[in-house]
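# A look at the structure
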Amino acid sequence: MFKKNILRFTILFFSSIQFSCNAAGGEIVVRANQVGFLPNDIKTAIVMSKIDLSKTPFSIVNAKNEKIIYKGEIDTSRGNWGKFPYNYQIDFSWIADAGVYHIEIKDKNFFTFKISKNIYEGITDSLLLFLKVQRCGPTKPFLHEPCHLFDSPQIIGDDVEGGIDVTGGWHDAGDYVKFLNTTAYTTYLLLFSYEFNKPKFEFDHNKNNEPDVLEEARIGIDWLLRACYKKDKFITQVQDSRDHAESWRLPENDSLKYDRPAFTGIGKNMVGLVSATLSLASRIWRERFSDTQNADKWLAAAKEIYQVRNQVPDVDIVQSGMYQDSRFWGKLALGAIELYKSTKETKYLTDSFVYGDSAKSDYWWSWGDIDALAQFRIAEHNTRFAQYLQNNLIAFNTNKNKMIFGEGTVYSWGTTNTFLGIALQAILWKKLTRSSEYDTLKFFQSDYLLGKNPWGISFIYNIGKNFSKNFHSQISHFRNGYLPGAVSAGPAPKVILDNYKIHRSNFTYSEFNSDDILYFDDKADYITNEPTIVSNATAIFVFGQLVR
């Protein structure tokens with residue numbers, strides 16, 4: 001029923017402007033960011049057509065007074081996509097005045113967009129709210145009751161009398177399984193987002209004197225501490241694949257709530273990421289809250305975990321096969337550099353150089369491929385390491401220039417998270433160098449998430465006019481599809497989808513599928529339409545940085 005072997009309070013509803021984006025088929029459709037554009041940023045759209053439009057005039061029209069402010073001519077097609085043999089990019093970046101505009105072709109309005117300095121406000125709030133939905137245990141979850149309060153009396157891989165308390169944390173995706181590596185990834189990115197740009201993440205909408213992003217990160221911190229029950233052994237997963245065989249149910253009504261085994265393991269990959277997360281948490285709590293008690297405890301835990309790195313396997317073998325990692329050097333480098341930043345002990349800085357050089361460039365982004373974070377952190381102390389990050393960006397930029405919609409790399413299982421990760425890396429580069437060299441790459445990826453894609457859909461629930469509505473999620477199943485801030489996994493290659501028997505019923509966007517890349521807004525589709533905590537964490541960083 002659910003994913004298998006995965007690689008994987010404020011809702012901003014943009015209804016004040018009725019954006020026209022042609023979700024239904026026709027000879028011509030226009031795809032662009034449905035939320036809109038910042039005044040001085042890059043603004044592009046893709047015209048998808050079943051007829052040749054080369055040299056056809058187009059206009060940008062002020063929606064308020066119907067005045068034509070620009071006339072242009074459609075250039076050469078960028079290639080074929082599915083049923084649309086002609087696809088053209090139009091660029092209107094020079095338009096900077098706030099307002100609402102139409103894109104007109106042959107005197108017909110095909111897309112309406114907004115320019116404003118406030119267009120991204122509220123998206124981060126919504127993305128954070130999804131993590132509140134995913135909360136497990138007695139953590140004040142949203143849209144469901146406290147759940148899974150008995151995790152877990154059964155420990156697979158260690159003889160622990162009475163079990164281990166691993167309540168809390170987040171459900172990983174549309175199911176009720178919890179994982180150490182995705183929890184650590186999510187927690188780290190929430191913390192990293194805050195430290196990277198504190199003014200943009202200091203917001204405290206519930207007025208409890210704690211930034212909302214740090215309040216959510218604390219859910220992950222507390223669970224990681226429970227999961228790291230020994231310095232050389234972790235709880236890496238709670239619950240097994242039987243969760244996927246059960247019928248739809250709310251978590252508090254889980255038929256398996258008394259039967260949720262926890263699995264033990266450890267690897268250098270986990271050692272690196274967990275020690276990085278706890279070290280960063282200790283630094284933030286010490287500086288932001290003057291909480292020396294927790295800061296000292298978390299830093300001590302990070303150091304103790306890091307010390308066993310040479311006595312454990314390179315990567316842990318995940319019992320379920322889900323989220324099986326393959327890389328560890330970058331995560332060790334991240335652990336080392338975060339420990340250095342928190343302790344100023346040069347031995348950690350030296351380690352980070354060694355591990356960073358071993359990691360090199362990974363040319364990717366996923367829950368397990370985050371070496372760019374380590375290279376960025378190390379480059380803050382040794383600029384040589386910026387080259388590893390730039391190698392990634394050069395490859396992504398080369399791909400962007402070849403792809404119709406400016407995609408930075410190939411499609412996969414978890415495409416939206418990968419594209420967001422490319423935008424993240426472009427943001428890191430600008431922070432390091434103050435260079436705008438990869439701004440186009442950044443905006444092309446974020447625009448893709450918000451509608452500049454073949455399906456003309458925003459992959460974030462309730463953001464934009466046409467957005468993913470039928471998520472593969474237990475919670476949304478019982479809430480008439482309501483799943484605030486959820487990020488869809490997005491389109492995937494047919495060669496992956498063909499390996500799974502998924503009984504879909506919603507084919508609304510099938511006209512825009514190509515022979516090779518498919519997307520289905522269908523709650524049965526755990527490949528293209530399941531939300532995950534890692535995608536939301538990446539999106540929180542990216543869209544949080546775009547707020548002006």
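Residues numbered from 1 in each chain as written. Predicted model: local features only at pLDDT ≥ 70, side-chain atom pairs only at ≥ 80, totals over all residues. Heavy atoms only, no water.

## Quick word on the packing of helix α8 (residues 371-379) against helix α10 (residues 415-433)
Cut-off, in case you're wondering: Under this scheme, a helix contributes an axis fitted over its contacting stretch, all axes are lines through C-alpha atoms, and angles between N-to-C directions fall in the 0 to 180 degree range. To qualify as a helix, a DSSP run of H or I must reach at least 4 residues; to qualify as a strand, a run of E must reach at least 2; elements of each kind are numbered from the N terminus. Angles are sorted into four bins: roughly parallel if under 35 degrees, roughly antiparallel if over 145, roughly perpendicular if 65 to 115, and oblique for all others. Contact between two residues is taken to exist if any of their heavy atoms lie within 4.5 Å; hydrogens are not considered.
It is the contact of α8 with α10, at a shortest axis distance of 11 Å, that shows an interaxial angle of 5 degrees. With respect to their mutual orientation, α8 and α10 come out roughly parallel. Of the residues in α10, those touching α8 at Ala 372, Leu 373, Phe 376 and Ala 379 are Leu 424, Gln 425, Leu 428, Lys 431 and Leu 432.

## As for the nonpolar core
Using the following cut-off: In these notes, a set of buried Ala, Val, Leu, Ile, Met, Phe, Trp, Tyr and Cys residues joined through side-chain atoms within 4.5 Å is what counts as a nonpolar core. A simple rule labels every residue: compare its accessible area, found with a 1.4 Å probe on the protein chains alone, to the largest value its type can have, and call it buried under 20%, exposed over 50%, or partly exposed in between.
Counting 143 residues, the largest nonpolar core has Phe 192, Leu 373, Trp 455 and Phe 543 as its most contacted members. Aside from chain neighbours lying at most four places away, what touches Phe 543 is Tyr 120, Ile 123, Thr 124, Leu 127, Leu 420, Ser 446, Leu 449, Leu 450 and Ile 460. In this structure, Phe 37, Val 47, Phe 111 and Phe 113 belong to the second largest nonpolar core, which totals 21 residues.

## Describing the environment of Ile 370
Within the element layout of this structure, Ile 370 appears in the loop between α7 (346-359) and α8. Linking Ile 370 and His 144, residues 226 residues apart in sequence, is a C-alpha distance of 32 Å. What Ile 370 contacts, discounting residues up to four positions off in sequence, is Tyr 185, Leu 273, Leu 334, Asp 362 and Trp 365.

## Focus: the sheet that holds strand β1 (residues 28-31)
We apply this condition: Strands qualify as paired when DSSP identifies two bridges or more between them.
Taken in spatial order, the 3 strands line up as β1-β2-β5 in an open sheet, and their pairing is antiparallel. What marks the edges here is a single partner per strand, and that holds for β1 and β5 (86-91). This sheet shows a mean twist of 20 degrees between the axes of neighbouring strands, independent of strand direction. Bridge count for strand β2 (residues 44-49) against β5 is 6 bridges, and the pairing is antiparallel.

## Things to note about the sheet that holds strand β3 (residues 57-62)
Across the sheet, which stays open at both edges, the 4 strands sit in the order β4-β3-β6-β7 with antiparallel pairing between neighbours. The sheet is open, and its two borders are formed by β4 (68-73) and β7 (108-115), each paired with just one other strand. Recorded for the sheet is a direction-independent mean angle of 20 degrees between the axes of neighbouring strands. As paired strands, strand β6 (residues 99-105) and β7 are joined by 7 bridges and run antiparallel to one another. By the bridge assignment, Gly 99 is partnered in β7 with Ile 115.

## Some details on the pairing of strand β10 (residues 234-238)
β10 sits mainly inside the fold: 5 of its 5 residues count as buried. Where β10 and strand β11 (residues 262-265) come together, 4 bridges link them in antiparallel fashion. In the strand pairing of β11, Val 238 is matched with Ala 262.

## A look at the state of the cysteines
The condition is simple: To count as a disulfide, a pair of cysteine sulfur atoms needs to be within 2.5 Å.
Summed over the entire model, instances satisfying the criterion amount to 0 disulfides. Cysteine Cys 147 remains unbridged, with the sulfur of Cys 136 as its closest cysteine sulfur at 4.1 Å. Of all cysteine sulfurs, the one in Cys 136 lies closest to Cys 228, which takes part in no disulfide; the gap is 17 Å. Residue class for Cys 228 comes out buried when judged on its relative accessible area of 15%.

## Focus: the packing of aromatic side chains
Rules: Geometry of aromatic contacts follows a simple scheme: Phe, Tyr and Trp rings, the Trp one being its six-membered ring, pair when their centres are within 6.5 Å, and the pair is stacked under 30 degrees between planes, edge-to-face over 60, tilted otherwise.
All chains considered together, the criterion is met by 42 aromatic pairs. Between Tyr 461 and Tyr 482 the ring centres are 6.0 Å apart and the planes differ by 70 degrees, which places this aromatic pair in the edge-to-face class. Here the residue Tyr 461 occupies a position in the loop between α11 (439-449) and α12 (474-477), and Tyr 482 occupies one in the loop between α12 and β12 (492-493), the gap between them amounting to 21 residues. By relative accessible area, which is 11% here, Tyr 461 ends up buried. With a relative accessible area of 27%, Tyr 482 lands in the partly exposed category.

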